[in-house]
Amino acid sequence: MNTKLEGKVALVSGSGRGIGREIALKLASEGARVVINDLDAEPAAQTVADIVAAGGTATACVGSVTDSKFADQFVATAVDTYKGLDIIVNNAGYTWDSVVQKMSDEQWEAMLAVHLTAPFRILRAASGFIRDASRQEAEAGQDVFRKVVNISSTSGVYGNAGQANYAAAKAGINGLTKAMAKEWGRYKVNVNSVAFGLIKTRLTEADADAGAKIDIAGQQIRVGVNPQILKNAEAMIPLGRGGTPQEAAGAVYMFCIPESNYVSGQVLVCGGGRP
Ligand SMILES: NC(=O)c1ccc[n+]([C@@H]2O[C@H](COP(=O)([O-])OP(=O)(O)OC[C@H]3O[C@@H](n4cnc5c(N)ncnc54)[C@H](O)[C@@H]3O)[C@@H](O)[C@H]2O)c1
């Protein structure tokens, strides 16, 4: 067990699977106590069990980040269980693609809800604790930095056909990041985004042509990529392949450590060299 994040308390939404799970494992392996969230109880419990088995500390807060009561519960789980809150990673999400003429209002609203409104509510719910803690630390002469990492996408930075809803939400979170970096600088909170390119998870690995679907709160959502499109996309990545969830977690980790204390309001593209 390493100790770079010893004593820190982290919230990681959507950490039952994929990139979020790897972020949680990485933060815990560096000593952070982590609140695991997922829509689905079983994968959330698995992430907690894996962290504990590796000698770390974690607890679960199961539920949908889009539930209007969720943000307060998430923050309270950290503060009540571990008496602190130092790192917030807004990662939970999925894609629900269509060309614009086939996109329903529901599809549009769902992407804004999970990728933009939910992170906004979580940061708002954390604001009271962060303000009070930073004031007390300043009075005590302590130099404590906190970290917010919002998960964006290259779709939100450059756009992507078939993802008007997702691209708009992922661009929106970069605006939220920049505004919060300015608002919370006085509390010593670094707020940054990581915009992933192609990362190999169930959202991108599944064969869209084979009718791959994921269950989101009882609704079957079509995901995946056509295998030929996936191959072409990988050929355009300078590193020659999509990234692993572990590599994706590494980019988030860089924004959680003391070495990045003077970096805030930035959008880091983690895409294997593809702009
Ligand atoms: N995989 C990629 O290529 C890629 C690229 C760019 C951005 N991203 C972003 O990375 C993040 C993680 O995606 P992933 O690829 O690891 O997907 P994933 O499906 O492997 O994992 C996402 C997890 O989030 C959970 N989740 C979904 N909606 C939720 C909700 N409302 N409340 C709580 N949990 C919820 C899911 O149950 C799942 O366990 C997402 O924000 C996604 O948009 C992924």
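Here the structure is shown first, and the text comes after it.
Residues numbered from 1 in each chain as written. Predicted model: local features only at pLDDT ≥ 70, side-chain atom pairs only at ≥ 80, totals over all residues. Heavy atoms only, no water.

1. Some points on the site of the ligand
Here comes step 1: Neighbouring residues of the ligand: 30 residues in total, closest Asp38, Asn91, Tyr166, Thr201 and Arg202.
Here comes step 2: Tyr166 is positioned with one of its side-chain polar atoms (N or O) 2.6 Å from an oxygen atom of the ligand.
Here comes step 3: For the ligand, whose unbound accessible area comes to 830 Å², protein coverage reaches 97%.
Here comes step 4: Listed by contribution, the elements that provide at least two residues to the shell around the ligand are helix 1 (18-29), helix 4 (105-139), strand 5 (146-153), helix 6 (164-184) and helix 7 (202-205).
Here comes step 5: Taken together, the residues that form the shell around the ligand break down as 12 nonpolar, 13 polar and five charged. (Near = heavy atom within 4 Å. Polar contact = N/O pair within 3.5 Å; in protein donor to acceptor, adjacent residues only side chain to side chain. Areas by Shrake-Rupley, 256 points an atom, 1.4 Å probe, with all protein chains shown as cover. Helix = DSSP H or I, 4+ residues; strand = E, 2+ residues; numbered from the N terminus. Nonpolar A, V, L, I, M, F, W, Y, C, P; charged D, E, K, R; others polar.)

2. Things to note about the side chain of His115
Here comes step 1: Tracing the sequence through the fold places His115 in helix 4.
Here comes step 2: Among the polar contacts listed, one links the side chain of His115 to the backbone oxygen of Tyr94, at a separation of 2.7 Å.
Here comes step 3: Of the polar contacts made by the side chain of His115, one reaches the side chain of Lys170; its length is 3.0 Å.
Here comes step 4: Setting aside residues no more than four positions away along its own chain, His115 makes contact with Ala92, Gly93, Tyr94, Tyr166, Ala169, Lys170 and Ile173. (Contact = heavy atoms within 4.5 Å.)

3. Looking at unusual backbone geometry
Here comes step 1: Of note in this structure, Lys83 is not a glycine but carries a positive phi near 60°.
Here comes step 2: One can find Lys83 in the loop between helix 3 (70-82) and strand 4 (87-90).
Here comes step 3: Using a relative accessible area of 66% as the deciding quantity, one classes Lys83 as exposed.
Here comes step 4: If you check the backbone angles, Lys188 has positive phi at about 60° while not being a glycine.
Here comes step 5: Within the secondary structure, Lys188 sits in the loop between helix 6 and strand 6 (189-196).
Here comes step 6: Judged by relative accessible area, Lys188 falls into the partly exposed class, the value being 32%. (Buried < 20%, exposed > 50% of the residue type's maximum accessible area, 1.4 Å probe, protein only.)

4. Examining the packing of aromatic side chains
Here comes step 1: If you walk through the whole model with that rule in mind, you get one aromatic pair.
Here comes step 2: Aromatic pair Phe70 and Phe74: ring centres 4.9 Å apart, planes at 35°, arrangement tilted. Linking Phe70 with Phe74, this pair stays in helix 3, spanning four residues, or about one helical turn.
Here comes step 3: Here Phe74 falls in the buried class, since its relative accessible area comes to 0%.
Here comes step 4: Sitting above the plane of the Tyr253 ring, Lys26 keeps its charged end 4.6 Å from the centroid. (Phe/Tyr/Trp six-rings, centres within 6.5 Å; stacked < 30°, edge-to-face > 60°. Lys NZ or Arg CZ within 6 Å of the ring centre and 35° of its normal.)

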